[in-house]
Amino acid sequence: MRKAAGDDHWVIGSIGPSGAILMMGEISEEELYEDFLLQVQGLADGGVDALCIETFSALDEAELVIRAAKTTGLPIICTFTFENGFSMMGVTPETYTEKMLKLSVDVLGTNCGNGLDGMVDYVKAIKTVAPDHPILIHANAGLPIMEGTDTVYPETPERMSAFVPEIIEAGACIVGGCCGTTPKHIRKIVEKLKVENLLFYY
Ligand SMILES: [Zn+2]
């Protein structure tokens, strides 16, 4: 990807949560830290320009991965996933933001969730606690529904991109897509953004 992107585009290395719950003793902090260290070093060796820690829900796990990510010296993005106002581990956007500021994360935000319009309140909440930080939004193309054996995401590129002005107005400056978004969604979002520097894609 580094080669294909050339020198004039950023390549961001993505890191998701482990799936284990520290609080339940499913893994030790030391083991988890070592695992994250391997991941961030691999991504740094591959030539990424920044690290995007995403879809996290627990503050203790996020702290470990951020500590590991800091050893690379790369810029750090860390986004949590919220549903109905809380992450899966009960963290609010405000508490998440306070913790990220303490850990000196470079870019804040949220990913996954329920469409771009579902992200507006989270952006506002993050902005209240961190008014000067860049905010990234990678929304799903709506909540997935099952059609037979297929998982389908309901939001079309047109509907999703229609919310770009609102999300920017709320305070986001990097917009892209998470589950269910396709190159067509991203193309439409870019058209709305008009400013290429504001775009992230994955
Ligand atoms: Zn997602």
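Here the structure is shown first, and the text comes after it.
Residues numbered from 1 in each chain as written. Predicted model: local features only at pLDDT ≥ 70, side-chain atom pairs only at ≥ 80, totals over all residues. Heavy atoms only, no water.

## Quick notes on unusual backbone geometry
Only a minority of non-glycine residues have a phi that is not negative, and only a minority of peptide bonds are not trans. A positive phi angle, close to 55 degrees, is found at N84, a residue other than glycine. Among the secondary structure elements, N84 is positioned in the loop between strand 3 (76-80) and helix 4 (93-102). Located in the positive-phi region is S104, a residue other than glycine, with phi close to 55 degrees. Tracing the backbone shows S104 in the loop between helix 4 and strand 4 (108-112). (Helix = DSSP H or I, 4+ residues; strand = E, 2+ residues; numbered from the N terminus.)

## Quick word on the coordination of the zinc ion
Looking at the zinc ion, the protein donor atoms are C112 (SG), N140 (OD1), C178 (SG) and C179 (SG), and they sit 2.1 to 2.7 Å from it. Taken together, the 4 donor atoms coordinating the zinc ion and their angles of 88 to 125 degrees define a geometry best described as tetrahedral. When the donor residues of the zinc ion are listed from N- to C-terminus, their spacing reads C-x27-N-x37-C-C. Taken together, the residues span a long stretch of sequence, with C112 in strand 4 and N140 in the loop between strand 5 (135-139) and strand 6 (145-147) at a distance of 28 residues. (Donors = N, O, S within 2.8 Å, 3.2 Å for Na, K, Ca; no water. Tetrahedral: all angles 85-135°; square planar, octahedral: opposite > 155°, others 65-115°.)

## Notes on the packing of aromatic side chains
Taken as a whole and assessed by the stated rule, the structure comprises 5 aromatic pairs. Relative to Y96, the ring of F82 has its centre 5.8 Å away and its plane inclined at 75 degrees; by these criteria the two rings are edge-to-face. Here F82, found in the loop between strand 3 and helix 4, pairs with Y96, found in helix 4; they are 14 residues apart in sequence, far enough to count as distant. In this structure, F82 and Y96 share a single accessibility class: buried. Relative to Y122, the ring of F82 lies with its centre 5.3 Å away and its plane at 45 degrees, an arrangement referred to as tilted. Residue F82 is found in the loop between strand 3 and helix 4, and its partner Y122 is found in helix 5 (residues 120-129); the two are separated by 40 residues along the sequence. The class of F82 is buried, set by a relative accessible area of 2%. Of the aromatic side chains, those joined through ring pairs into one cluster are F80, F82, Y96 and Y122. Above the plane of the ring of Y33 lies R67, whose end atom (NZ or CZ) is 4.9 Å from the centre. (Phe/Tyr/Trp six-rings, centres within 6.5 Å; stacked < 30°, edge-to-face > 60°. Buried < 20%, exposed > 50% of the residue type's maximum accessible area, 1.4 Å probe, protein only. Lys NZ or Arg CZ within 6 Å of the ring centre and 35° of its normal.)

## Side note on a negative patch on the surface
Taken together, the side chains of E29, E30, E31, E34, D35 and D60 present a region of like negative charge at the surface. Top element by residues in the negative patch is helix 2 (residues 29-45). It accounts for 5 residues. The topology assignment puts D60 in helix 3 (residues 59-70). A relative accessible area of 31% places D60 in the partly exposed class. (Patch = residues over 30% accessible without salt bridge, like charges linked within 9 Å, V, L, I, M, F, W, Y side chains within 5 Å. Areas by Shrake-Rupley, 256 points an atom, 1.4 Å probe, with all protein chains shown as cover. Salt bridge = Lys/Arg side-chain N within 4 Å of Asp/Glu carboxyl O. Lys, Arg positive; Asp, Glu negative; His and termini not counted. Charge placed at Lys NZ, Arg CZ, Asp CG, Glu CD.)

## Quick word on the state of the cysteines
Counted by the stated rule, this structure contains 0 disulfides. As a non-bridged cysteine, C52 has C78 as the owner of its nearest cysteine sulfur, 8.1 Å distant. In this structure C52 comes out as buried when scored by relative accessible area, which is 4%. (Disulfide = S-S within 2.5 Å.)

## As for helix 5
Listed in full, the buried residues belonging to helix 5 are V120, Y122, V123, A125 and I126. For helix 5, the secondary structure elements touched by its buried residues are helix 4, strand 4, strand 5 and helix 7 (164-170). (Contact = heavy atoms within 4.5 Å.)

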